[in-house]
Amino acid sequence: MIKYFNNNNRLVISHIEDIDGMGSIILANIFWDKQVDYVACTIPEVAIILKEVWQNYEEIYICDLPLDNEAISLIGNNVKIQEKIKHFDHHASELDNAKKYSFINEVVNLNNKQTSGTELFYNYLLSLDANNKINQDYFKEFVEATRSADVWDLKSSLIDLGRSLGTLHSILGPEAYISIFSNNEIKEHFYIDKMYLSIINSADKDKENYVDSCLDKVLITKYQNYNIGVSLSENYRSFVGNSIASKYKDLIDFALIINLQKMKCSLRGIKDDIDLGKVAQSFAQNGGGHKKAAGFYINDECIDIIEKFVVEYIRSKK
Ligand SMILES: [Mn+2]
């Protein structure tokens, strides 16, 4: 978790995981001239941080984070917290909860495209933007690059820029990423400073090699009625997962990446008729996500099935 507390009356709580979580913090920093506190955290940490600090703020924005049971009961049982909270999330697996609770705001599609946390928060800021401060191409491009990389929208012309942002985020980490783009000079178009382009390039080469080595080691097996491709790997989960799903599309329904470092699994697929958010919840209640990209944490509910895949994986590679 990263916390920046400086006695401001607004707090942004956003997802630490990727550039979509970073996007809302960066936009808030620029929009309110850094007069905003922020926390970048994981899903279970939302309730913990809210409990600690909600009284210190007038407005709290929760971005790119679904609300888990703890967060729902904390907010649901306290009208004062409810009044302070604005929620911006896009996880399809949470739509049922959004129907039940008025403080949950889940939007999956906007203008016939999958939206993202950053885009939803940006649209909210635009609605406040009397001075047109962020109503500029620079920000629209930043938001679109972030969105397209987050939802894997291959049709977007800015997805390569978004992927470069993702690479930079994974090299430098969230704090540096937030700092760089909160302080980037605003120009006509969004850009990544030249000094970062060569590190992004060499990191992209490493990524390609890593993904290739994962593709060579995939285990093809079964989960319920699905054929799946299992990878035991720790980096670039979206690239690894989508590469497996595309390469083995005739053999498997989706890819399962088991990350024993983070004790987390990711599901990636390219087929329209399978909802991986639901599949993730069939592994563990903590699971969720989108139709083609989802995940869950390894816990007692799913440890047996994950153990079986790990053993099968090791045996098949001997
Ligand atoms: Mn997102």
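Going by the structure above, here's the rest.
So, here is what we can say about the structure in this document. Each chain has its residues counted from 1, running along the sequence as written. In view of the model being predicted, local features appear only for residues whose pLDDT reaches at least 70, and side-chain atom pairs are presented and counted only at 80 or more, with totals across whole chains, interfaces and linings using the full set of residues. Just so you know, side-chain values use all the structure's heavy atoms and leave hydrogens and water out.

**Quick word on the sheet that holds strand β9 (residues 226–232)**
Taking strand neighbours across the sheet as the criterion, the six strands line up as β8-β9-β10-β11-β13-β12 in an open arrangement whose pairing is mixed. Looking at which strands have only one partner, the edges of the open sheet turn out to be β8 (219–223) and β12 (288–289). With five bridges connecting them, strand β10 (residues 254–259) and strand β11 (residues 264–268) associate as antiparallel partners. Its bridge partner being in β11, isoleucine 257 is matched across the sheet by serine 266. In this description, contact between two residues means that some pair of their heavy atoms is separated by no more than 4.5 Å. Axis definition: a line fitted to C-alpha atoms, over the contacting stretch in the case of helices. Angles run 0 to 180 degrees between N-to-C directions. Elements are defined by DSSP. Helices are runs of H or I of four residues or more, strands are runs of E of two residues or more, and each kind is numbered from the N terminus. In this fold helix α12 (residues 276–283) packs onto β8, β9, β10, β11, β12 and β13 (293–297), with an angle of close to 15° to the strand it touches most, β13. Helix α13 (residues 303–317) rests against β8, β9, β10, β11 and β13 of the sheet, and its axis sits at about 150° to β8. At least two DSSP bridges between two strands are required for those strands to pair.

**Re a negative patch on the surface**
A cluster of acidic residues, Asp300, Glu301, Asp304 and Glu307, forms a negative patch on the protein surface. Note on placement: glutamate 301 falls in the loop between β13 and α13. Patches here are clusters of residues that have more than 30% relative accessible area and form no salt bridge, with a 9 Å joining cutoff for like charges and a 5 Å cutoff for nonpolar side chains (Val, Leu, Ile, Met, Phe, Trp, Tyr). The Shrake-Rupley method, run with a 1.4 Å probe sphere, supplies the accessible areas, and residue values consider only the shown protein chains as cover. The working definition used for a salt bridge is a side-chain nitrogen of Lys or Arg within 4 Å of a carboxyl oxygen of Asp or Glu. A residue counts as positive if it is Lys or Arg and as negative if it is Asp or Glu; His and the chain ends are not included. Charge positions come from single atoms, namely NZ of Lys, CZ of Arg, CG of Asp or CD of Glu.

**What to know about the environment of tryptophan 32**
Take tryptophan 32: it is sitting in the loop between α1 (19–31) and β3 (37–41). Note on classification: 1.4 Å probe, protein chains only; a residue is buried when its accessible area is under 20% of the maximum for its type, exposed when over 50%, partly exposed between these limits. Residue classification places tryptophan 32 among the buried residues on the basis of a relative accessible area of 12%. Counting along the chain gives 264 residues from tryptophan 32 to phenylalanine 296, while the straight-line C-alpha distance between them is 35 Å. If near-sequence neighbours (up to four positions away) are discounted, tryptophan 32 is found in contact with Arg10, Tyr61, Phe121, Leu125 and Leu128.

**Quick notes on the packing of aromatic side chains**
Aromatic contacts are taken between Phe, Tyr and Trp rings whose centres are within 6.5 Å, Trp giving its six-membered ring; a plane angle under 30 degrees counts as stacked, one over 60 as edge-to-face, and the others as tilted. Using the criterion set out here, one finds 21 aromatic pairs in the structure. Between tyrosine 4 and tyrosine 38 the ring centres are 5.4 Å apart and the planes differ by 25°, which places this aromatic pair in the stacked class. A residue pair is termed long-range when its members are at least 10 positions apart, and tyrosine 4 in strand β1 (residues 2–4) and tyrosine 38 in strand β3 qualify at 34 residues. On the numbers, 5.2 Å between centres and 85° between planes, the contact of phenylalanine 31 with tryptophan 32 is edge-to-face. Taken together, the ring pairs in this structure connect Tyr138, Phe139, Phe142, Tyr177, Phe181, Phe190 and Tyr191 into an aromatic cluster. As a reminder, the over-ring test applies to NZ of lysine and CZ of arginine, requiring each to be within 6 Å of the ring centre and within 35 degrees of the ring normal. The ring centre of tryptophan 152 lies 4.4 Å from the NZ or CZ of arginine 163, which sits over that ring. A cation sits over an aromatic face here: lysine 187 above tyrosine 191, 4.6 Å from the ring centre.

**Some thoughts on the layout of surface pockets**
The gaps left among the atoms become clear once a water-sized probe is rolled over them. A cavity here means a set of 1 Å grid points, computed over protein atoms only, where a 1.4 Å probe fits but cannot escape. A pocket is an open set with protein on both sides within 12 Å along at least 5 of 7 lines, and lining residues have an atom within 4 Å of a point. Grid points are joined across faces, edges and corners, and a volume is the space filled by probe spheres set on the points. What the second largest pocket holds in volume is close to 190 Å³. Lining of the second largest pocket is provided by Leu110, Asn111, Lys113, Glu119, Tyr122, Asn123, Leu126, Lys140, Val143, Glu144 and Arg147. When residues of the lining of the second largest pocket are traced back to their parent elements, those giving at least two are α6 (117–128) and α7 (137–151). Any residue outside Ala, Val, Leu, Ile, Met, Phe, Trp, Tyr, Cys, Pro, Asp, Glu, Lys and Arg is labelled polar, Gly included; the first ten of those are nonpolar and the last four are charged. When grouped by side-chain class, the residues that make up the lining of the second largest pocket number four nonpolar, two polar and five charged.

**Concerning helix α10 (residues 194–216)**
In this model α10 runs 34 Å from its N-terminal to its C-terminal C-alpha over 23 residues, within 8% of the 33 Å that 1.5 Å per residue would give. For α10, the complete set of buried residues consists of Tyr196, Ile200, Ala203, Asp204, Lys207, Val211, Cys214 and Leu215. Looking at the packing, one finds that the buried side of α10 touches α8 (159–172), α9 (174–183), β9 and α11 (237–247). In this scheme, a helix's expected span is set at 1.5 Å multiplied by one less than its residue total.

**A look at the pairing of strand β4 (residues 59–63)**
For a regular strand, side-chain orientation follows a simple rule: the groups alternate between the two sheet faces. By the criterion of burial, β4 is predominantly enclosed, with four of the five residues buried. Looking at chain direction, β4 and strand β5 (residues 85–88) are connected through four bridges and run parallel. In the sheet register, isoleucine 62 faces β5, and the bridge partner there is histidine 87.

**What about the sheet that holds β1?**
Through backbone hydrogen bonds, the strands of a sheet pair up, either in parallel or in antiparallel fashion. Read from one edge to the other, the open sheet built from five strands follows the order β1-β3-β2-β4-β5, with strand pairing classed as mixed. In the strand order of this sheet, the two ends are held by β1 and β5, each with one partner. Sheet twist, expressed as the mean angle between neighbouring strand axes with direction ignored, is 10°. Two elements, strand β2 (residues 10–15) and β3, share five bridges in a ladder whose sense is parallel. Considered in β3, the bridge of serine 14 is made with alanine 40. Relative to the sheet, helix α2 (residues 45–53) contacts β1, β2, β3, β4 and β5, its axis offset from that of β2 by approximately 165°. Relative to the sheet, α6 contacts β4 and β5, its axis offset from that of β5 by approximately 130°.

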